[in-house]
Amino acid sequence: MKSYERLMEYAKYPTGSIEENASCPSNPKEFDFANALAEEMKSLGITDAEVDENCYVMGTIPANIEGYDGPVLGLIAHIDTSPDAPNENVKPKLTHYEGGDLILNEKEDLKISADALKNFIGCDIITSDGTTLLGADNKAGVAEIMTLAEILHNDSSIPHGTIRIAFTPDEEIGRSSDLFDVEKFGADCAYTIDGDLFGECQSETFSAMGATVTVTGISYHPGFAKNNMKNAIHVAEEFEQMLPVNERPEYREGREGFYHITSFNGSVEKATMGYIIRDFVWEKIESRCEVMRKAAEYLNHVYGEGTVQVEFTEQYHNMGEVVEKHPKLTEIPLDVIREMGYTPDTAPIRGGTDGAFLSFKGLPCPNLGPGGSNFHSRQEFAVVQDMENATKMIIEVVQRIAKLKKDEL
Ligand SMILES: [Zn+2]
């Protein structure tokens, strides 16, 4: 079975994660897909395939190199799909694409633009029927890992080391690494097969800090407020305006970081603001924190000590800090992608990934693109030929990792 055929099967499982649901998995239907995957893994010779009580699927492809003592390589993808678009009753559709806009729903004028597809003329495109997302994020990755398992199972002439597979729940709501048992997984290095187009090889994510700003005001009858009232809403507004306007996410790209206000609740007595701070270098995160501290200090000078309080919560670090210590892990896929005649895309991820958390839990874990795009939307698509390319690339990477000694990683 080819990767794209698997994607078209897997897409039918409704596995949208549910933010409001605190359980793991957040959607009990994720278990249906997880159990089906474990069964399929067993049929492909992965005898230890199992689903744990939190819906993490794990299994081992044993090395076929005698006396193998090289790195244990992990391959990771997530089984949930985004809650940001309708995700039940997905009907995947295969279209041979010859150019122009790809119409998904005539009535609603829902289409994938010719621009998004300009590199895929003559390719076969998988989409939904326009009423839901497709779920190629991340079922394309799952499909490619399973297809790799099938190919290695059927062709013993491909030399490989020990491969550990993990499929995780609830990545789309930021929880997939929470209960990921890195020790049990037992890999020395890993790749997430997630994200975007084939050719992507990402070893950097944002570093991330959260901030809560609390302003304490003094309420007074407005008719007698002179010299008595301190309106927390105004002080909070003033704080927000002291942050550089051009460093908001809507004006930033590439390697640029930002301040982003995510919530504002206020009354005269009390106002709170939630922020996220993002950048690629931790020192820049720290200097942004310093700008916010200084703003609070100034306002406290004007309005009285203790009026504005800022608290920071470290969220995650750029996985580059860990991955750069294992250069082979990115060099190998980059070489393979080039040898296949493509130009790799190493632009850092302007977000976090499973890999970011896992890297800091001791499992260096760059990301490889499985061959899809327009995620979290009804215009999501996957490219059959690129899924084939990604599968081939991963199989080649697996063989080259197996040639390394553990300390060469
Ligand atoms: Zn994803």
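Residues numbered from 1 in each chain as written. Predicted model: local features only at pLDDT ≥ 70, side-chain atom pairs only at ≥ 80, totals over all residues. Heavy atoms only, no water.

Bringing the state of the cysteines into the picture now. The full count for this structure, using the stated rule, is 0 disulfides. Free of any disulfide, Cys24 has its nearest cysteine sulfur in Cys55, 7.2 Å distant. Classification of Cys24 as partly exposed rests on a relative accessible area of 23%. With no disulfide of its own, Cys365 lies 8.9 Å from the sulfur of Cys189, the closest cysteine sulfur. (Disulfide = S-S within 2.5 Å. Buried < 20%, exposed > 50% of the residue type's maximum accessible area, 1.4 Å probe, protein only.)

Further remarks concern the coordination of the zinc ion. A four-donor tetrahedral metal ideally has 109.5 degree angles, and a six-donor octahedral metal ideally has angles of 90 or 180 degrees. Of the protein atoms, only His78 (NE2), Asp137 (OD), Asp194 (OD) and Asp194 (OD) coordinate the zinc ion, at distances of 1.9 to 2.7 Å. Geometry at the zinc ion is irregular, judged from its 4 donor atoms and the angles of 51 to 141° they form at the metal. The motif formed by the donor residues of the zinc ion, counted along the single chain, is H-x58-D-x56-D. In this pair, His78 sits in strand S3 (residues 73-78) while Asp137 sits in helix H3 (residues 136-154), placing the two residues 59 residues apart along the sequence. Residue classification places His78 among the buried residues on the basis of a relative accessible area of 1%. For Asp137, a relative accessible area of 7% translates into the label buried. (Donors = N, O, S within 2.8 Å, 3.2 Å for Na, K, Ca; no water. Tetrahedral: all angles 85-135°; square planar, octahedral: opposite > 155°, others 65-115°. Helix = DSSP H or I, 4+ residues; strand = E, 2+ residues; numbered from the N terminus.)

Another aspect to go through is the domain arrangement of the chain. Considered domain by domain, the chain is made up of domain 1 (3-204 + 318-408) and domain 2 (207-316). Relative placement of domain 1 and domain 2: their C-alpha centres are 38 Å apart. Counting from both sides, the interface comprises 10 residues of domain 1 and, opposite them, 11 residues of domain 2. Between domain 1 and domain 2, roughly 810 Å² of surface is buried when both sides are summed, and carbon and sulfur atoms account for 49% of that area. A per-residue breakdown of the area domain 1 buries against domain 2 is headed by Asn318, Pro348 and Arg350, which together make up 59% of the total. Summed over the shared surface of domain 1 and domain 2, the number is 1 salt bridge. A salt bridge links Glu204 to Arg255, with the shortest nitrogen-to-oxygen separation between them at 3.1 Å. Applying the counting rule to domain 1 against domain 2 returns 7 residue pairs in polar contact (both at pLDDT 80 or more). (Domains from an automatic or database assignment. Contact = heavy atoms within 4.5 Å. Buried area = accessible area lost by both parts, 1.4 Å probe. Salt bridge = Lys/Arg side-chain N within 4 Å of Asp/Glu carboxyl O. Polar contact = N/O pair within 3.5 Å; in protein donor to acceptor, adjacent residues only side chain to side chain.)

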